[in-house]
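# A structural walkthrough
Below, each chain spelled out in residue letters.
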Amino acid sequence: MTTVITYGTFDLFHVGHVRLLERLRALGDRLIVAVSTDEFNALKGKKAAVGFADRCEILRAVRHVDLVIPECNWGQKRSDIVNYGVDIFGMGDDWAGRFDDLRSLCEVVYLPRTRGISTTDLKREVAAARG
Ligand code: C2G
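Quantities reported herein were computed from a predicted structural model and do not represent experimental measurements.

### Structural notes on the site of the ligand
Contacts to the ligand come from 21 residues, most closely from Phe10, Lys46, Glu71, Asp94 and Ile117. Contacts to the ligand include Lys46, whose side-chain N or O atom sits 2.4 Å from an oxygen atom. A distance of 2.5 Å separates an oxygen atom of the ligand from a polar atom in the side chain of Asp94. Out of a free accessible area of 640 Å², the ligand has 95% covered by protein chains. Going through the elements one at a time, β1 (3–8), α1 (15–25) and β4 (88–92) are the ones with two or more residues in the shell around the ligand.

### Comments concerning the nonpolar core
The biggest cluster of nonpolar side chains holds 16 residues, and the ones touching the most others in it are Leu21, Leu24, Leu31, Val33, Leu59 and Val65. Looking at this core, the elements with two or more residues in it are α1, β2 (30–36), α3 (52–60) and β5 (107–111). Leaving out residues up to four positions away in the same chain, Val65 has contacts with Leu21, Leu31, Val33 and Leu59. Among the nonpolar cores identified, the runner-up in size contains 14 residues, and Ile5, Tyr7, Ile69 and Val86 belong to it.

### Overview of the packing of aromatic side chains
This structure, assessed with the given rule, holds 6 aromatic pairs. Their ring planes at 45° and their centres at 6.5 Å tell us that Phe10 and Phe13 sit as a pair that is tilted. You can call Phe13 partly exposed: its relative accessible area is 24%. Ring centres of Phe89 and Phe99 lie 5.2 Å apart, and the angle between their planes is 65°; this geometry places the pair in the edge-to-face category. Separated by 10 residues along the polypeptide, Phe89 in strand β4 and Phe99 in the loop between β4 and β5 bring together distant segments of the chain. When its relative accessible area of 0% is taken as the criterion, Phe89 is described as buried. By relative accessible area, which is 9% here, Phe99 ends up buried. In this structure an aromatic cluster arises from ring pairing among Tyr7, Phe40, Trp74, Phe89, Trp95 and Phe99.

### Considering the pairing of β5
With 4 of 5 residues buried, β5 is to be regarded as a mostly interior element. Pairing of β4 with β5 involves 5 bridges; the strand directions are parallel. Its bridge partner lying in β5, Ile88 is registered against Glu107.

Rules and cut-offs
- Residues numbered from 1 in each chain as written.
- Predicted model: local features only at pLDDT ≥ 70, side-chain atom pairs only at ≥ 80, totals over all residues.
- Heavy atoms only, no water.
- Near = heavy atom within 4 Å.
- Polar contact = N/O pair within 3.5 Å; in protein donor to acceptor, adjacent residues only side chain to side chain.
- Areas by Shrake-Rupley, 256 points an atom, 1.4 Å probe, with all protein chains shown as cover.
- Helix = DSSP H or I, 4+ residues; strand = E, 2+ residues; numbered from the N terminus.
- Core = buried A, V, L, I, M, F, W, Y, C linked by side-chain atoms within 4.5 Å.
- Buried < 20%, exposed > 50% of the residue type's maximum accessible area, 1.4 Å probe, protein only.
- Contact = heavy atoms within 4.5 Å.
- Phe/Tyr/Trp six-rings, centres within 6.5 Å; stacked < 30°, edge-to-face > 60°.
- Pairing = 2+ DSSP bridges.

Here it is as structure tokens:
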């Protein structure tokens, strides 16, 4: 059983998120997604348009996702990897290099981001449409 894990806010869930999760799930047999809580997002300087509970419900409905857990802080990755028996840690490549320290615990992969879509762009488009 190969377990893969990833972390993120996944606000305004879009095809960039889907394609990342699909590719990560294809690397193993189980994909765990740690969803940033609203409180942790505040620490990241982000305010999600969709609340934590709804973001988790959406991710649980994604067929590529096997387990959803909360991401409460930057430091939990190491214990998550140990506690869940994670074999592969994966993120989009906007994070390339940022988590290489985890290579002492598991494989670390950074996958190309899906171009042309982002939560930030979606928020701008919605705001512009409102006028
Ligand atoms: N992503 C992607 N393609 C896009 C947009 C996002 O592949 N067009 C990926 C990002 O690279 C990331 C994941 O989708 O791996 C989730 O993106 P965000 O919700 O923006 O995650 P972020 O807020 O960067 O949180 O501890 C890590 C942080 O929690 C990551």
